[in-house]
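Here are the chains, one letter per residue:
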Amino acid sequence: MALLSSLHGSQVTLLSVLLLCWAGVCGGIPDPRQRELLIQQEASRQTGGTVVLTEAERRLSAQLHKLKQREMEEPQFPPAIHFFKALPLIQRSPVFRLLQKMPKGAALHIHDFAVVGVEWLVKNVTYRPHCYICFTASQSVRFRFSAKQPHPLPQCSAWVLLETLRGKVDNTTDLDNSLMQNLTLFTDDPVNAYPSQDIVWRRFEETFMAALGLVTHAPVFKDYFYEGLQQFYMDNVMYLELRALLPMTYELDESRHDRAWSLKAYQDVARQFVTEHPDFLGARVIFTAHRGLNLTEAKAIVEEAMQLQKRFPEVMAGFHLVGREDGGRPLWYFREALSLPAELGVTLPYFFHAGETALMSEGHPMVVSSDDPATFGATGLSYDFYEAFVGLGGMNAHLGTLKELAINSIRYSSLSPELKDKALALWQRKWDKFISENSQ
Ligand SMILES: [Zn+2]
């Protein structure tokens, strides 16, 4: 909260300077000191504006400034072009490479089926035995693991064993590439491929449906989450908050597991990962329902969320609604369902998407997260830090901005105060090491 009060403090000072001017104190004669003061006030209001840097941090910040300047002078400036076209440029950027090495704290907004880069799904998961595929009328695919021929799906071709299909095609690399295309929005020509919001949303939901049959196979479900933690850990992220639909998972014999199984699987995998990587802090789950539900369904799911939180307080952080906001039902529609916990005296924290854009422009504390990295052909969190630091922040953003964003991600997480202290201490050690290794 220190950040919030310091922000308010500076806003009050800025306002008082302006009021003095209106009251005639400025006297109509341009005062360079007032101008300087205003510029300083404005700089201190931006994210990281009040962070005091050490000598070594200042050296690294200056270095980053130079690198960023060079990038801005290039004929193609990555933040100014479509992300799909910018991807290869970002990967070559020295600023991006530094951001990859930087301890970024936590990723607080990640959706369950877009955590892992799609290459792993195709190269690892679809090569497992008993993996069937069918081709839909809308030019997408569905997958299913099954010990025997699965039941046909409406609007989909007959199921073919992928192993058999791979044996028949001349070029398995082409086949694998086309499978990858079905799992992400990535394309060389995004402007023509997605001419409207409706088309891109439909396509986004198709990629999700394509991944669903792979990821909800019970053994894959656990491996997928483990791989997700691994990819974020490799990208120097130390804690994750996962927005998870907790769908039913299935076995080869078509038997199914309930939501509690999925939540426990996340808890077990996160614990195992922390045991193997003691400098990682783990993950918590924000149980997520789709805003396409009607009120009765929403009430049932909020009740289930309360029960799950009671059973799994360590791993479950709260509740959230997903789906396209402008086309879907507003939160107001769900008010009776969403007020159930308060009526029963139960605490069920909410983590809604609502108003994210508006909050940013009002000087509220910010964090950077990657939401659905796999859908955009990305992994981890560094791409988002790059866009925020180079694009949104521009030349005004400096190392203090990055430091504050990383600290915010821990400070505004759902962790308990004790775990936040532990996380901040661990992050500080990683940060000091990063500074000493990279400042010249
Ligand atoms: Zn989201």
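See the structure printed just above.
Residues numbered from 1 in each chain as written. Predicted model: local features only at pLDDT ≥ 70, side-chain atom pairs only at ≥ 80, totals over all residues.

Glancing now at unusual backbone geometry. The phi torsion at His130 lies on the positive side, around 70 degrees, for a residue other than glycine. If you trace the backbone, His130 turns up in the loop between helix 6 (118-123) and strand 2 (131-135). Owing to 15 C-beta atoms within 10 Å, His130 belongs among the partly exposed residues under this scheme. Unusually for a residue other than glycine, Asn236 sits at a positive phi of about 60 degrees. As for its placement among the helices and strands, Asn236 is situated in the loop between helix 11 (218-234) and strand 5 (239-244). (Helix = DSSP H or I, 4+ residues; strand = E, 2+ residues; numbered from the N terminus. Buried ≥ 20, exposed ≤ 12 C-beta atoms within 10 Å, placed from the backbone.)

On to the pairing of strand 8 (residues 282-290). In the case of a regular strand, side chains alternate between the two sheet surfaces. Counted residue by residue, strand 8 has eight buried out of nine residues, so it is predominantly covered. Relative to strand 8, strand 5 runs parallel, the two being bridged by six bridges. Looking at strand 8, one finds that Leu240 is bridged to Ala283. Summarising the sheet, strand 8 and strand 9 (residues 316-322) pair through six bridges and their orientation is parallel. In the strand pairing of strand 9, Phe287 is matched with Phe319. You can see the chain leave strand 8, run along helix 13 (residues 295-311) and come back into strand 9, and the turn it takes is right-handed. (Pairing = 2+ DSSP bridges. Right-handed = clockwise from strand over helix to strand, strands pointing away.)

Following the sequence through the fold, Leu419 ends up in helix 19 (residues 417-438). Of the residues examined, Leu419 has 16 C-beta atoms within 10 Å and is grouped as partly exposed. Along the backbone, Leu419 and Leu340 are 79 residues apart, and their C-alpha atoms lie at a distance of 29 Å.

Here the focus is the sheet that holds strand 4 (residues 160-161). Each strand in a sheet pairs with its neighbour through backbone hydrogen bonds, running either in the same direction (parallel) or in the opposite one (antiparallel). Read across the open sheet, the three strands follow the order 3-2-4; overall the sheet is antiparallel. What marks the edges here is a single partner per strand, and that holds for strand 3 (141-145) and strand 4. One ladder, built from two bridges, connects strand 2 with strand 4; its direction is antiparallel. In the strand pairing of strand 4, Tyr132 is matched with Leu161.

With that out of the way, let us pick up the pairing of strand 5. Taken across its six residues, strand 5 has six buried, putting it largely inside the fold. Pairing of strand 1 (residues 106-111) with strand 5, which is carried by four bridges, proceeds in the parallel orientation. From the neighbouring strand, Ala107 faces strand 5, where its bridge partner is Leu240.

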